[in-house]
Amino acid sequence: MKQTRPPRSIYPAQNRHMRRRTRVLAGLVAVLCFGGLLARLFTLQILDPSGYANRAAAQQLRDTTLPAARGEIYSADGVTLAASKTCWTIRASPRELADELVQPAAKALSEILDIDYDATLQKLSKRTSNDCLLRRRVDADLADAVRAWCTQNNAQGIQILQDTKRVYPQGNFMGCLLGFTDVDNQGLWGLELQYDAQLTGRNGTILTAKNAWGYDMPTHYSTLQDAVPGNDITLTIRADIQHYLESALSAAVAEHHVAARAVGIVMEVDTGAILAMSTKPDYDPNDPRTIVDETIRQQVNALSGEERSKALQTAQQAQWRNKAISDLYEPGSVFKLITCAAALDTGAVTRNSRFVCAGKINVAGTNFRCANGHIHGSETLAQGLAVSCNPCFIQVGARLGKQNFCDYFAAFGLRAATGIDLPGEIKRSEYYTADRMGPVELASCSFGQSSKVSYLQMITAVCAVVNGGKLESALAGLDEAARATSLETVSQLWTLPSYLFYMVGVERLIAFALQICLSYLVYRAVRYHRRGFFLAAMGIHFAVDALGALLKDAVPIPALEAILAAIVIVTAVFTVRLYRGETEKATSD
């Protein structure tokens with residue numbers, strides 16, 4: 001008789017092992033099922049949270065830029081030197097223009113705007129085009145004429161957009177200082193370039209809904225973001241002093257037939273503030289590309305082709321160049337002030353030291369003459385300075401010595417740039433160092449020859465002679481608004497790190513972590529049919545939503561971060577405790 005084997009008993013240890021394997025398998029299945037979903041959620045919420053929103057906005061919205069007015073520039077005595085004027089830009093959307101109006105519109109707009117008819121007709125004939133430029137920056141009369149024709153003919157697709165343009169109310173005044181802007185109102189030269197970031201405002205935007213063909217939808221939906229004008233700046237320049245300086249320079253240029261342009265600078269000796277600065281002839285910043293010098297303009301116009309283009313560019317660059325800060329020159333007799341101050345400061349001479357002027361002096365075989373052949377005889381330092389005697393200062397330089405001379409040359413700021421807030425300042429001057437300076441070089445440098453410095457370096461050094469030895473930094477612009485903005489930024493630095501973390505990733509990471517915890521609670525609720533898990537998950541979810549809505553605008557960013565972090569911690573602890581409790585219960589079973 002065949003015996004049957006009794007059924008094998010299942011021991012508790014084996015039962016626990018099978019349950020463990022079942023849980024591992026269930027976990028792997030959950031990872032495979034939900035891993036892709038979690039990865040996608042991570043991508044959408046953290047790596048690319050605004051991707052779909054941007055794509056939808058690009059397809060559904062049309063944005064029209066509202067140009068911001070550029071900040072104005074004022075002189076220290078309140079004269080407006082640069083301002084922004086409202087104008088209009090005419091554009092067209094050819095696909096919105098009726099077929100029968102293409103030729104009439106090209107004819108009418110070319111006449112009103114004074115533009116080429118054939119080019120206009122070609123632009124309007126591109127029936128698939130959504131945008132083309134007809135003319136920039138027209139005045140109110142032309143814009144009204146275009147608007148009237150469109151209204152009269154019921155023409156759709158002709159856009160009259162508000163714009164701004166830079167104007168200089170004083171005309172040909174301070175051209176080399178103010179500079180000018182390009183067609184997009186960006187600074188290209190002078191103070192307009194130096195303070196471009198402060199003067200430039202933030203453009204506004206009008207968002208309107210569009211359909212699949214790119215036309216505006218017949219709805220009233222629109223969102224307006226107002227334009228923010230740029231900051232105004234006030235210069236150290238006084239317009240009244242500037243007018244006197246420019247008038248004197250223009251008269252001197254005409255009287256003495258100056259070919260290389262004349263330079264003048266007026267500086268406040270105690271502060272280094274530039275009260276006036278001019279290079280004549282210069283240009284009108286309202287029309288910077290027109291050559292002011294009639295002779296040069298005729299020479300350029302006589303050329304043609306590439307040669308004319310190069311000559312015109314060279315002439316414009318020379319006209320725009322601020323000679324006061326960009327060119328070097330041999331200062332001549334004005335440099336005797338520096339030699340005198342250095343010699344007195346070192347004790348090499350005193351004001352009563354005596355020197356002899358025989359009309360000329362020989363140094364190492366090289367003859368140097370006194371200006372205009374004068375013979376001053378015996379004279380003190382003060383007398384030699386008063387009559388600007390070359391032999392006197394050659395002897396002063398010899399007593400000073402080449403090492404002291406070179407040290408004081410550097411101490412007066414004559415080697416490097418002054419750091420003025422104007423673009424285009426030359427970086428360094430041309431000078432001798434002590435190891436390269438012989439007696440002849442020392443002699444010629446002592447009365448302002450052989451070394452080359454900029455006009456601004458020279459006046460800065462002279463101011464240091466007369467203000468008690470303080471070498472001030474030259475300054476042309478006082479940007480009050482920008483300074484206020486900078487101070488406000490500094491006062492808020494303590495919130496910057498938390499703000500950056502919050503905006504970049506903290507909120508999204510917290511939201512992602514909460515979603516994982518809440519998903520786990522829902523999973524436990526479904527698996528074990530525990531209503532408490534589900535209610536806890538939903539309660540935490542609604543609590544987080546409510547806190548986000550109530551506190552986001554009312555609570556400072558660091559405090560909101562702390563609240564959200566506390567919610568995550570509590571949720572995590574709650575989840576772990578529930579998991580441990582269920583695990584212990586399942587094990588005991």
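Each remark here, short or long, concerns the structure printed above.
Computed from a predicted model, the values in this text were never measured in an experiment. (Residues numbered from 1 in each chain as written. Predicted model: local features only at pLDDT ≥ 70, side-chain atom pairs only at ≥ 80, totals over all residues. Heavy atoms only, no water.)

### Here we look at the environment of Ala-252
Looking at the secondary structure, you find Ala-252 in helix H9 (residues 239-256). Taking the C-alpha atoms as reference points, Ala-252 and Lys-280, separated by 28 residues in sequence, lie 9.4 Å from one another. Contacts of Ala-252, omitting those with residues within four sequence positions, involve His-257 and Val-258. (Helix = DSSP H or I, 4+ residues; strand = E, 2+ residues; numbered from the N terminus. Contact = heavy atoms within 4.5 Å.)

### Here we look at helix H4 (residues 117-124)
The set of residues buried in H4 consists of Thr-120, Leu-121 and Leu-124. Buried residues of H4 fall within an arc of 100 degrees about the axis and therefore sit on the same side. Turned more than 90 degrees away from the buried face of H4, the exposed residues are Asp-118 and Gln-122. Sitting at the amino-terminal end of H4 is Asp-116, which places a side-chain oxygen 3.3 Å from the backbone nitrogen of Asp-118. (Buried < 20%, exposed > 50% of the residue type's maximum accessible area, 1.4 Å probe, protein only. Arc of directions from axis to C-beta. Polar contact = N/O pair within 3.5 Å; in protein donor to acceptor, adjacent residues only side chain to side chain.)

### Considerations on unusual backbone geometry
Among all residues except glycine, the phi angle is most often negative; among peptide bonds, the trans geometry is most common. In this chain, Lys-280 is followed by Pro-281 through a cis amide linkage whose omega measures -5 degrees. Assignment of secondary structure puts Pro-281 in the loop between strand E10 (274-280) and helix H10 (294-301). Its identity as a non-glycine residue notwithstanding, His-257 has a phi of 55 degrees, on the positive side. As for its position among the elements, His-257 is in the loop between H9 and strand E9 (262-267). A positive phi is found at Ser-450, a non-glycine position, where the angle reads about 75 degrees.

### Details of the nonpolar core
Formed by 54 residues in total, the largest nonpolar core has its most connected members in Leu-235, Ile-274, Met-277, Ile-420 and Leu-456. Of all the elements, helix H18 (residues 455-466) adds the most residues to this core, at eight residues. Contacts of Ile-420, omitting those with residues within four sequence positions, involve Ile-274, Met-277, Ile-325, Glu-425, Leu-456, Ala-474, Leu-475 and Ala-476. Among the nonpolar cores identified, the runner-up in size contains 21 residues, and Ala-106, Trp-149, Cys-150 and Ala-155 belong to it. (Core = buried A, V, L, I, M, F, W, Y, C linked by side-chain atoms within 4.5 Å.)

### Some words on the pattern of salt bridges
The full count for this structure, using the stated rule, is 12 salt bridges. One salt bridge in this structure joins Arg-70 and Glu-192, with 2.9 Å as the shortest N-O distance. Pair noted here: Arg-70 is in the loop between strand E1 (61-66) and strand E2 (73-74) and Glu-192 is in helix H7 (residues 190-194), with a separation of 122 residues, a long-range link. In this structure, Arg-70 and Glu-192 share a single accessibility class: buried. The partner of Asp-196 in a salt bridge is Arg-70, and the shortest N-O contact between them spans 2.9 Å. Taken together, the residues span a long stretch of sequence, with Asp-196 in helix H8 (residues 196-199) and Arg-70 in the loop between E1 and E2 at a distance of 126 residues. The exposure class assigned to Asp-196 is buried, which follows from its relative accessible area of 16%. Taking relative accessible area as the criterion, Arg-70 reaches 4% and is therefore assigned buried. Taken together, the salt bridges that share partners define one network made up of Arg-70, Arg-166, Glu-192 and Asp-196. (Salt bridge = Lys/Arg side-chain N within 4 Å of Asp/Glu carboxyl O.)

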